[in-house]
Amino acid sequence: PASTCEDGEATVTINWAELLSGCHKCCHILEHKLHQGDWVRQVTYNASLDAIISSTTSNTNSVVLAWREKSKKHLNMTSFNIAQGIHAFDYHSWLNLIATAGINNKVCLWNPYVVSKPVGVLWGHSASVIAVQFFVERKQLFSFSKDKVLRLWDIQHQLSIQRIACSFPKSQDFRCLFHFDEAHGRLFISFNNQLALLAMKSEASNRVKSHEKAVTCVLYNSILKQVISSDTGSTVSFWMIDTGQKIKQFTGCHGNAEISTMALDANETRLLTGSTDGTVKIWDFNGYCHHTLNVGQDGAVDISQILILKKTILVTGWERYDYASWKIIGRAITVFRPQNFNQFFIQPEEWKGGIQHHDDILCAAFLPPQTLVTGSYDGEIVLWNNSTENAHHVLHPDYQRLLKSKLNTKPQKLHSAGRSHSSHPMTDHSTMGVRNFEIDTEGKNAVTRLCFLKARKNTAVTGGANLVSCGGSGYVRFWDIYKKQLLAEFLAHSGVGSIIMSTDKMNRYLTTGDLDGWLKIWNIEEESCLDPTEHSLLNKKNKDDSTYNVRPSEDINLGIKYKERGTCMKETQKPYYGEVIKKSFSTFRSLSIGALEELPEVNKPAFLLDPEKYFRKEPEEEHPQIPEAPSLFETLKAVFDEKNLFPKEILDHERKAKQFCQEKSCEVKKNKK
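Note that the structure is predicted; figures quoted are calculated from it, not measured. (Residues numbered from 1 in each chain as written. Predicted model: local features only at pLDDT ≥ 70, side-chain atom pairs only at ≥ 80, totals over all residues. Heavy atoms only, no water.)

J.: Just give me the short version of the side chain of Asp378, but keep the residues and values in it.
T.: As for its position among the elements, Asp378 is in the loop between β31 (371-376) and β32 (381-385). Separated by 2.4 Å, the side chains of Asp378 and Ser376 make a polar contact. There is a polar contact of 3.2 Å between the side chain of Asp378 and the backbone nitrogen of Glu380. (Helix = DSSP H or I, 4+ residues; strand = E, 2+ residues; numbered from the N terminus. Polar contact = N/O pair within 3.5 Å; in protein donor to acceptor, adjacent residues only side chain to side chain.)

In structure tokens:
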């Protein structure tokens, strides 16, 4: 007030009722009614915008910005419409962003001058978001949801970089207040009458790990939407795919033995774990072991894959010995039949096909109704009839090169299902001689993954690749199992050793990965051309200048690398006399180039020999004039009479109706008079 001394302190008491009446001498009020009677959950004045920001839980006018121009007495307003409304908001003046805590589980980032749609949406919460606050210095954002989950977001990359699940309060009905003390790195969260303090600490040098020991296998359960992982310490962990939260863990599943592989049954209700202790165990998701399959027969073996079919469980990958001489005689498939699972410990049954591989079986795949393929360390792919359990063909990438000297020799075929259990090849060199090649001891041709292209129908009739293999030396190969041919091959990863792969359900894309952490996604809709896109999962320098590095946080490094479209693959046909193999400068190992057959002489068609006969213009013929039709008046012979058109009964009925109407109208006129 003016009566107050300059050095004195003035205290003015403002009565709320007096303020609302607009009669106070020190101040006046401005108001807007854009929220239309909805409960205003939060309101604040922002000096950088020189505006008042308010919010409600309504889906219309969820956030309102109101400001006053100097020359005007009323407020200018703009509003955001957010589905289901919001609980809270915060404003970052440097980035000029408004963050909203949505009831629809989403955190939205808005530009105050763009009200049509948010500039970013942060997905990850499983419940309504009730509080948000910016970490201004680091350009990060805190968000807190109804299920007591706190998330820290990187705003630039719109990624969740930390998740904390709070254990209190026990009650689900609580009122939450949220404040972050940026100067001291402390976050205060109040729950009704409780106050929580979360203090930030310096980042640890070691990354947070999901397993204490090396991860060996990862599965996805599509029904429960969970990721299942195992490690060398015989631990199995279950994770929610939406939130990344660990929900359960089984420890000591096989004692201290390493879990080498896992598999889910067809209904995804049972988990099978294979270990180096020579056993496969069948678990439910409550941690109860129903059966133990004695694969190694009380011996330590290395199980590479578990393949679950309708009537059998096939286990591959271990060694077989001749106990009389203690020599390795081959590798076989161990079979278990679930209809005989009447005890806890299950012993294997006989595989009728015997031993066909000469090295460790690393993988297997099944194509309904009865085609089974197995791949081994030495590069062999054996084709089986799963119903009879007999092998009928062997495929190998080197066979085609060795067959050049045998022009009339077809792809390798086995004459009997039970090959002699001997460490030596068969003596029938007329059909098996091609198999006598140098053993691949370095695993350059090792088959680590086999995948059928099940989405491609009728390949037996139309032709084309229906089996893909990959493994040693980074090669991917396409096979036709009906024609027993290697159709194409290309080098997917060079100089990295063994690789693995997987395809989508529609068999449009092939994903390959190597030991250096690179993932490549290939377009295989047409095998003739492949389009790779690489993604690195490891923190390493890329090899060319086209690399674009992304750093979403201090702990995660992602690199994205795009290559130009590769050249087309050369299909590999049966060798013929005079074939020349030349090195290719593309990604493929070799190209087959041979002399083209001479085309027979083609006779010229008749229209080329006598073009005038076929292309000359025909003379225009004079068409006689069509006489004009006479008019209707000229052709009308008699005057139209409706009595000749309608029957007498209809005409009499109409006449009586008209007469009745006239009589009624006359009576009405008389009554009026």
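Having seen the model, we can carry on.
J.: Any chance you could break down the environment of Gly233 for me, citing the residues and the numbers?
T.: With respect to the helices and strands, Gly233 occurs in the loop between β17 (226-231) and β18 (236-240). Here Gly233 is in contact with Lys213 and Gly255, once residues within four sequence places are set aside. (Contact = heavy atoms within 4.5 Å.)

J.: Give a detailed account of the sheet that holds strand β24 (residues 305-308), specifying residues and quantitative values.
T.: Strand order across the open sheet formed by three strands is β24-β25-β28, with antiparallel pairing between neighbours. Looking at strand neighbours, the two that pair on one side only are β24 and β28 (334-336), the edges of this open sheet. The mean inter-strand angle of the sheet, taken between neighbouring strand axes irrespective of direction, is 20 degrees. As paired elements, β24 and strand β25 (residues 313-316) share four bridges and run antiparallel to each other. Directly across from Ile306, in β25, lies its bridge partner Val315. (Pairing = 2+ DSSP bridges. Axes fitted to C-alpha atoms, helices over the stretch in contact; angles between N-to-C directions.)

J.: Tell me about the UniProt feature "repeat: WD" (unreviewed entry) in the protein, and name the residues and values.
T.: UniProt annotation of "repeat: WD" (unreviewed entry) refers to residues 122-163, 208-249, 259-286 and 354-394 when read in the numbering used here. Between the C-alpha atoms that bound residues 259-286 the distance is 19 Å, and the span itself is 0% helix and 57% strand. (UniProt positions renumbered as here; feature names shortened; annotations may be inferred.)

J.: For the side chain of Thr279, give the residues involved together with the corresponding values.
T.: Structurally, the position occupied by Thr279 is in strand β22 (residues 279-283). Since its relative accessible area comes to 14%, Thr279 is described here as buried. A polar contact of 3.2 Å, which involves the side chain of Thr279, links it to the side chain of His254. Side-chain polar atoms of Thr279 contact the side chain of Asp277, separated by 2.8 Å. Excluding its chain neighbours within four sequence positions, the residues that come into contact with Thr279 are His254, Thr273, Gly274, Thr292, Leu293, Val295 and Ile303. (Buried < 20%, exposed > 50% of the residue type's maximum accessible area, 1.4 Å probe, protein only.)

J.: Lay out the pattern of salt bridges with the relevant residues and their values.
T.: In total, this model carries six salt bridges according to the counting rule given. Arg477 is paired through a salt bridge with Glu489; the nearest N and O atoms lie 2.8 Å apart. Note that Arg477 is positioned in strand β36 (residues 475-480) and Glu489 in strand β37 (residues 485-491), a separation of 12 residues in sequence. Salt-bridge contacts for Arg508 lead to Glu525; the nearest nitrogen and oxygen are separated by 4.0 Å. (Salt bridge = Lys/Arg side-chain N within 4 Å of Asp/Glu carboxyl O.)

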